[in-house]
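Examining the three-dimensional arrangement
These are the residues of each chain, in order.
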Amino acid sequence: MKTLWRISHVSFAVRAGKAKPALIKKRDGKRAIEYLYGLNPISSALAGQKRQMYQLTLDENKENEAHHRRHELAIKAQELNLPVVYATQKKIEKLVRGQPHQGAVLECGPIKVNTIKSVDEIYERSGKIKGNTWVFLDQITDPHNYGALARSAFFYNVDGVFTTMTGSCPINSTVSKVSTGAIELIDVYYLHNIERLMQKMAVRGWKILATEAEETKAKKLIPLDEYIVNPDENVVVIFGSEGRGISSYLKRSATHRLSIRSGYLSEEFVYPVSLVDSLNVSVSAGIILNHFKKRIKKS
């Protein structure tokens, strides 16, 4: 099974000029490992157990304020038979290249991403045949956006996240840190033959919602505040990259297209107001998922 990894010192996002190099190296010359850093991401990784874990390194200083939480991590690691070692802050900073580690680093493998091949399998994964709410992240290359999107999806208790096998940033330590560990707990899947599966979902009554900028002239464009939420319908909301937006094949699969209204009237939307014509994708996701909040809780 393929994963969202590049076994390299430079990730996709770095080549695109988006972030610092991912903290990846080879283990025993065979397996790719990463240094996950920060108390929340590591605590979530230990709870979610979606990664192969090799060693937990903790700050040996027992005087600072985070010592109690690090001790809790050590107890959890020992329950999982995960080796725990203690090191100086200088050594830890070298491991994570100066990232905000809070005195905790987990040496681990990539998150395992499974592939869904049918609509029925989606129902099996969520445990229900109605009231599903899923998020599709289409070629999100910025790990900070990816992490923020995962955080919003987890906060609003969506049933899971679909993502693209290629063209997206790897689910690395930056994504985990930005998501405050949510990516370690929420279910993430690839879709087999995405366009065909989306078409089958639409035939079976799913609402495939593509998010668009307000000025888009596409058919079926609905302002979010006019979209009526049905607690029993199955929904997948697609979020695209900030550069290209949603891929054309996903737009073709969409049953509806949503937009978020600007706070300006149409006659006011001129230069320089028009220079800011849309929201960051992670901000949009928070607003849209909040709109579906009541149906998600009821399901």
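These numbers come from a predicted model, not from an experiment.

1. Looking at unusual backbone geometry
Omega for the bond connecting Tyr271 with Pro272 falls within 30 degrees of zero, at 5°, which places this linkage in the cis form. Within the secondary structure layout, Pro272 lies in the loop between strand 13 (256-259) and helix 10 (281-291). Backbone geometry places Asn81, a non-glycine residue, at a positive phi of 60°. For Asn81, a relative accessible area of 68% translates into the label exposed. Of note, the phi angle at Asn157 is positive, near 60°, even though the residue is not glycine.

2. Notes on the pairing of strand 2 (residues 31-37)
Along strand 2, six of the seven residues are buried, which leaves the element largely enclosed by surrounding structure. The pairing of strand 2 with strand 5 (residues 104-108) spans four bridges and is classified as antiparallel. Bridge pairing in strand 5 links Glu34 to Cys108.

3. A short note on the sheet that holds strand 6 (residues 114-116)
Overall, parallel pairing links the eight strands, which are arranged 6-9-8-7-12-10-13-11 in an open sheet. Whereas interior strands pair on both sides, the edge strands pair on one side only; in this sheet they are strand 6 and strand 11 (221-223). Adjacent strand axes in the sheet meet at a mean angle of 35° when their direction is disregarded. Contacts from helix 6 (residues 143-155) reach strand 7 (133-138), strand 8 (160-163), strand 9 (188-191) and strand 12 (235-240) within the one sheet, and its direction differs from that of strand 7 by about 175°.

4. A few points about the packing of helix 2 (residues 39-48) against helix 3 (residues 67-79)
Each pair of packed helices can be described by the angle between their axes along with the distance between the axes. Relative orientation of the contacting elements helix 2 and helix 3 amounts to 20°, with a least axis distance of 10 Å. By the criterion of interaxial angle, the relationship of helix 2 to helix 3 is roughly parallel. Crossing handedness for the pair helix 2 and helix 3: left-handed. Each of Leu39, Asn40, Ile42, Ser43 and Leu46 in helix 2 lies in contact with helix 3, whose residues at this interface are Arg69, Arg70, Leu73, Lys76 and Ala77.

5. A short note on the pairing of strand 8
Side chains Gly160 and Phe162 of strand 8 all project onto a buried face; the interleaved residues Val161 and Thr163 project onto the opposite face, where all are buried too. Pairing of strand 7 with strand 8 involves four bridges; the strand directions are parallel. Each bridged residue has a counterpart across the sheet, and for Trp134 the counterpart in strand 8 is Gly160. With helix 6 bridging strand 7 and the parallel strand 8, this β-α-β connection has right-handed handedness. Pairing of strand 8 with strand 9 involves two bridges; the strand directions are parallel. Considered in strand 9, the bridge of Phe162 is made with Tyr189. A crossover connection joins strand 8 to the parallel strand 9 through helix 7 (residues 173-178); in handedness this β-α-β unit is right-handed.

6. A few points about the layout of surface pockets
Each pocket or cavity is described by its volume, and for the largest pocket that value is around 660 Å³. For the largest pocket, the lining is made up of 31 residues, of which Glu212, Ala213, Ser278, Leu279 and Ser284 are closest to its centre. Secondary-structure elements contributing two or more residues to the lining of the largest pocket are strand 12, strand 13 and helix 10. Each residue belonging to the lining of the largest pocket can be placed in one class, and the counts come to 12 nonpolar, 12 polar and seven charged.

7. Some thoughts on helix 8 (residues 194-203)
In an α-helix there are 3.6 residues to a turn, and that puts residues three or four apart on one side. Buried residues of helix 8: Ile194, Leu197, Met198 and Met201, and no others. The buried side chains of helix 8 occupy one side of the element, clustering within an arc of 100° when seen end-on. Two residues or fewer past helix 8, Gly205 is found with a positive phi of approximately 95°.

8. Describing the pattern of salt bridges
By the definition in use, this model includes nine salt bridges. Here Arg51 makes a salt bridge to Glu184, at a shortest N to O gap of 2.9 Å. Pair noted here: Arg51 is in the loop between helix 2 and strand 3 (53-59) and Glu184 is in the loop between helix 7 and strand 9, with a separation of 133 residues, a long-range link. Accessibility classification places Arg51 together with Glu184 in one group, the buried group. We note a salt bridge from Asp120 to Arg204, for which the minimum N-O separation is 2.9 Å. Pair noted here: Asp120 is in helix 5 (residues 119-126) and Arg204 is in the loop between helix 8 and strand 10 (207-211), with a separation of 84 residues, a long-range link. For Asp120, a relative accessible area of 40% gives the class partly exposed. Linked through salt bridges whose partners overlap, the residues forming this network are Glu34, Arg51 and Glu184.

9. A short note on a nonpolar patch on the surface
A contiguous nonpolar surface patch, about 390 Å² in accessible area, is contributed by Tyr271, Leu275 and Val276. With relative accessibility at 62%, the residue Val276 sits in the exposed group.

Reading the values: the criteria
- Residues numbered from 1 in each chain as written.
- Predicted model: local features only at pLDDT ≥ 70, side-chain atom pairs only at ≥ 80, totals over all residues.
- Heavy atoms only, no water.
- Helix = DSSP H or I, 4+ residues; strand = E, 2+ residues; numbered from the N terminus.
- Buried < 20%, exposed > 50% of the residue type's maximum accessible area, 1.4 Å probe, protein only.
- Pairing = 2+ DSSP bridges.
- Axes fitted to C-alpha atoms, helices over the stretch in contact; angles between N-to-C directions.
- Contact = heavy atoms within 4.5 Å.
- Parallel < 35°, antiparallel > 145°, perpendicular 65-115°, else oblique.
- Left-handed = near helix turned anticlockwise from the far one by under 90°.
- Right-handed = clockwise from strand over helix to strand, strands pointing away.
- 1 Å grid on protein atoms, 1.4 Å probe; cavity = no way out; pocket = protein on both sides within 12 Å on 5 of 7 lines; lining within 4 Å.
- Points joined across faces, edges and corners; volume = space filled by probe spheres on them.
- Nonpolar A, V, L, I, M, F, W, Y, C, P; charged D, E, K, R; others polar.
- Arc of directions from axis to C-beta.
- Salt bridge = Lys/Arg side-chain N within 4 Å of Asp/Glu carboxyl O.
- Patch = residues over 30% accessible without salt bridge, like charges linked within 9 Å, V, L, I, M, F, W, Y side chains within 5 Å.
- Areas by Shrake-Rupley, 256 points an atom, 1.4 Å probe, with all protein chains shown as cover.

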